[in-house]
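Here's the letter readout for the chains.
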Amino acid sequence: MTNQLNLAVGKTAKLSIPIAASLLAEAPEVLPLWSFDFQSGDWREEGTMARVGNAYAGEIPHFSPWNCDMEVQRSWVRGRVKDCGLGNFPVKGATFMCSGSRFAWNAGEASTGDDGDFEFEVNAAEAMECWAAKSGFSDVKVKFESAARGAVLDLGDICFAPPKLKIALTWGDAPSD
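The rules behind these values
- Residues numbered from 1 in each chain as written.
- Predicted model: local features only at pLDDT ≥ 70, side-chain atom pairs only at ≥ 80, totals over all residues.
- Heavy atoms only, no water.
- Helix = DSSP H or I, 4+ residues; strand = E, 2+ residues; numbered from the N terminus.
- Rg over C-alpha atoms; globule rule 2.2 N^0.38 Å.
- Buried < 20%, exposed > 50% of the residue type's maximum accessible area, 1.4 Å probe, protein only.
- Contact = heavy atoms within 4.5 Å.
- Areas by Shrake-Rupley, 256 points an atom, 1.4 Å probe, with all protein chains shown as cover.
- Lys, Arg positive; Asp, Glu negative; His and termini not counted.
- Charge placed at Lys NZ, Arg CZ, Asp CG, Glu CD.
- Pairing = 2+ DSSP bridges.
- Axes fitted to C-alpha atoms, helices over the stretch in contact; angles between N-to-C directions.
- Phe/Tyr/Trp six-rings, centres within 6.5 Å; stacked < 30°, edge-to-face > 60°.
- Lys NZ or Arg CZ within 6 Å of the ring centre and 35° of its normal.
- Disulfide = S-S within 2.5 Å.

## Quick look at the overall build of the chain
A tally of helices and strands in the chain yields zero helices and 14 strands. Seen in sequence order, the chain has helices and strands lined up from the N terminus as β-β-β-β-β-β-β-β-β-β-β-β-β-β. Relative to the 2.2 N^0.38 estimate, which gives 16 Å for 177 residues, the radius of gyration of the chain is 24 Å and therefore markedly larger than a compact globule would have. Considering only C-alpha atoms, the chain reaches an extent of 80 × 50 × 40 Å along its principal axes. Residues classed as buried in the chain amount to 30% of the 177 residues present. Put simply, of all contacts in the chain between residues at least 6 apart along the chain, 57% involve residues at least 24 apart. Accessible surface, the chain as shown: approximately 11,800 Å² in total, 54% of it carbon and sulfur. Taking the 16 positively charged and 24 negatively charged side chains of the chain as two groups, their mean positions are separated by 1 Å.

Structure (structure tokens):
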């Protein structure tokens, strides 16, 4: 059996969260402070943390997982991937990916269904770059500004034109050339 520790009612504990070296130059002076609620499965904003040197410092009223972070505003992007080179039909099983301008990682990814449709969350109000890929081929990147928080941006039909010719070379155990 484990004994869970917590603070007495009305008491607080000091918390310090280091700022990653790669983020120091752009780290704001104040960030929202979030705690994780195990019952709801949500992060709850419970105050702020102030920048003190290379860390954020503040006080917490209870022991639980804590995070010092900006809330990410999200919106949705949807569309349909079509093969615009060979008959204008929907492309099933294509991967549609987006990358935002504020983050180095992909902002979202989805696989298309039988109808070529995709829909997924991306960062709101951000310059985005998206592309379709299938069987090792990717197509021209589509650039746009994502929708406002909570809104949906319909990109319509996205043309995907895989190469018209694919050549595979094979030979036996002892090729003559």
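Text resumes after the structure shown.
## Describing the sheet that holds strand E3 (residues 42–52)
The antiparallel open sheet is built from five strands, whose spatial order is E1-E4-E3-E2-E5. A strand with exactly one partner marks an edge of an open sheet, and here the two such strands are strand E1 (13–18) and strand E5 (66–68). The sheet shows a mean angle of 35° between the axes of neighbouring strands, direction not considered. Where E1 lies against strand E4 (residues 55–60), six bridges are found, and the strand directions are antiparallel. Residue pairing in the sheet places Leu-15 in a bridge with Gly-58 of E4.

## Some remarks on unusual backbone geometry
In this model, Ala-125 sits at a positive phi of 50°, which is unusual for a non-glycine residue. Structurally, the position occupied by Ala-125 is in the loop between strand E10 (117–123) and strand E11 (127–134). A relative accessible area of 46% means that Ala-125 is categorised as partly exposed.

## Details of the packing of aromatic side chains
Scanning the model with the defined rule gives five aromatic pairs in all. An aromatic cluster of at least three residues, connected via ring pairs, comprises Phe-36, Phe-38 and Trp-43. The ring centre of Trp-131 lies 4.6 Å from the NZ or CZ of Lys-141, which sits over that ring.

## Focus: the state of the cysteines
Going through the model one piece at a time under the given rule, you end up with two disulfides. Paired by a disulfide, Cys-84 and Cys-159 hold their sulfur atoms 2.1 Å apart. Judged by the sign of its S-S torsion, about -80°, the bond between Cys-84 and Cys-159 is left-handed. Of this pair, Cys-84 sits in the loop between strand E6 (74–83) and strand E7 (89–90) while Cys-159 sits in strand E14 (residues 152–159); the two residues are 75 residues apart in sequence, bridging distant segments of the chain. Look at Cys-84 and you get partly exposed, because its relative accessible area is 33%. Overall, the relative accessible area of 45% leaves Cys-159 in the partly exposed class. Two residues share a disulfide in this structure: Cys-98 and Cys-130, whose sulfurs sit 1.9 Å from each other. Residues Cys-98 and Cys-130 share a disulfide whose torsion about the S-S bond is about 105°; that sign makes it right-handed. Pair noted here: Cys-98 is in strand E8 (residues 95–100) and Cys-130 is in strand E11, with a separation of 32 residues, a long-range link.

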